[in-house]
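# Observations on the three-dimensional arrangement
Take a look at the letters that make up each chain.
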Amino acid sequence: MSSLNSTVPLYSLFVRPQGFYINGIINMPYIRYYYIFLSLVYVICVLENSFIIFIIYMEQSLHTPKYVALLNLAVADICASTALIPKMIETFLFDSRFITYEACLANMFFAFLFPTMQSLTLVILAYDRFVAICFPMNYHIIITNNRMIVIITIVWSFATVIIITLVVLITRLSFCRSTVIESYFCDYGPVHRLACNDNSPNLIMAFIGIAILLFVPLILIILSYVCILFVLLKITSLEGRWKAFNTCTSHLMLVAVFYLPLLGIYFVAVTSTLHPNARILSTSLSSSIQYLLNPIIHALKTEEIKESIKNIFKRNRV
């Protein structure tokens, strides 16, 4: 019987490991300071976004479709940073690199769900700006608070289904060789590449997921601003053009902060060989800084939020 088992090819056995080891950044001096920096970024991010949520909740004038979407973005920012940074700190700063199989799948699900919601929420905000500028007379008819809540609910459901599909496909993989993940979390690509059986469905779904959840939203945002640009060019008054465009600047900054680092990392990864340390540092840093900057952009570039902050402080002084 033992001789028969020894003739069975290793790749024909289905092996589900007890867990994985997250390798992360290798042999980089002073890297602990980077993790301490990330922990500070996380605390500030949670405080900033919680403050934005508080302002929108407390100020009646901000109970509009646009700010319902911004509140959703702030929630997604907090959840996205919570899904990645605390686990990263635990893994590397406290040298707890082993993660169970089930915990790895859960980490993968949440680590991709919330950034996906950030991407899709930016599309919702682009749609809001498109309707506000291209159909200003019908804005309050086309977009209401209830409709915005329905749109956000549909988007959450859609994102959840896509990410669950990605994660479930991991369960069909056999890991009969290495269980060391070359990333800073249970990253989908580095995990499915460890499989010793056919991982082509995972690869196909990864490309589909990137297209649907990253590039299609970006294309929709670009198309919405092309339409907005045509409408702005029809406004004869330069002051009128600037006033209309100024309502879009905070959203454009959010789009730039989210997409430019991601596109840069993807471009470098496709056109050249990126060292694992460079990839981990660039992706983790760009994500963390984005969570930090988003609420600052809300507060400094949105007049209604600035006025609401002033009103709240005035009421508290009285």
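Here goes a summary of the coordinates provided. Just so we're clear, the structure is a prediction, and the values are computed from it rather than from any experiment. (Residues numbered from 1 in each chain as written. Predicted model: local features only at pLDDT ≥ 70, side-chain atom pairs only at ≥ 80, totals over all residues. Heavy atoms only, no water.)

### Quick notes on empty space enclosed by the protein
Counted under the stated rule, the structure contains three cavities of 30 Å³ or more. Of the volumes computed, that of the largest cavity is approximately 70 Å³. Listing elements by their share of the lining of the largest cavity, those giving two or more residues are α3 (65-93), α4 (101-134) and α10 (249-271). With three residues, α10 is the largest single contributor of residues to the lining of the largest cavity. Per-class residue counts for the lining of the largest cavity are three nonpolar, five polar and two charged. (1 Å grid on protein atoms, 1.4 Å probe; cavity = no way out; pocket = protein on both sides within 12 Å on 5 of 7 lines; lining within 4 Å. Points joined across faces, edges and corners; volume = space filled by probe spheres on them. Helix = DSSP H or I, 4+ residues; strand = E, 2+ residues; numbered from the N terminus. Nonpolar A, V, L, I, M, F, W, Y, C, P; charged D, E, K, R; others polar.)

### So, the pattern of salt bridges
Applying the stated criterion across every chain, the model contains three salt bridges. D95 is the salt-bridge partner of R97, the closest N and O atoms lying 3.2 Å from each other. Owing to a relative accessible area of 27%, R97 belongs among the partly exposed residues under this scheme. Between R129 and D128 there is a salt bridge, with its nearest N and O atoms 2.7 Å apart. Residue classification places R129 among the buried residues on the basis of a relative accessible area of 9%. (Salt bridge = Lys/Arg side-chain N within 4 Å of Asp/Glu carboxyl O. Buried < 20%, exposed > 50% of the residue type's maximum accessible area, 1.4 Å probe, protein only.)

### Quick look at the state of the cysteines
One pass over the structure, following the stated rule, counts two disulfides. The partner cysteine of C104 in its disulfide is C186, sulfur to sulfur 2.1 Å. Taking the sign of the S-S torsion, about -130 degrees here, the bridge from C104 to C186 comes out left-handed. Of the two residues, C104 sits in helix α4 while C186 sits in the loop between β3 (180-181) and α7 (188-192), which places them 82 residues apart along the sequence. The residues C104 and C186 share a single accessibility class, namely buried. One disulfide in the model links C176 with C196; its S-S distance is 1.9 Å. With a gap of 20 residues between them, C176 in the loop between α6 (145-170) and β3 and C196 in the loop between α7 and α8 (200-234) connect regions that are remote in the sequence. Residue classification places C176 among the buried residues on the basis of a relative accessible area of 15%. If you count the bonded cysteines of the protein chain from the N-terminus, they pair up as 1-3, 2-4. No disulfide involves C79; its nearest neighbouring cysteine sulfur is the one of C45, lying 10 Å away. (Disulfide = S-S within 2.5 Å.)

### Here's the deal with the sheet that holds β3
With respect to topology, three strands assemble into an open sheet ordered β2-β1-β3, the strand pairing being mixed. At either end of the open sheet lies a strand with only one pairing partner, and these are β2 (98-100) and β3. Together, β1 (19-22), β2 and β3 form the strand contacts of α4, whose direction differs from that of β2 by roughly 90 degrees. (Pairing = 2+ DSSP bridges. Contact = heavy atoms within 4.5 Å. Axes fitted to C-alpha atoms, helices over the stretch in contact; angles between N-to-C directions.)

### Remarks on the side chain of S250
With respect to the secondary-structure elements, S250 resides in helix α10. When its relative accessible area of 9% is taken as the criterion, S250 is described as buried. Excluding its chain neighbours within four sequence positions, the residues that come into contact with S250 are I297, K301 and T302.

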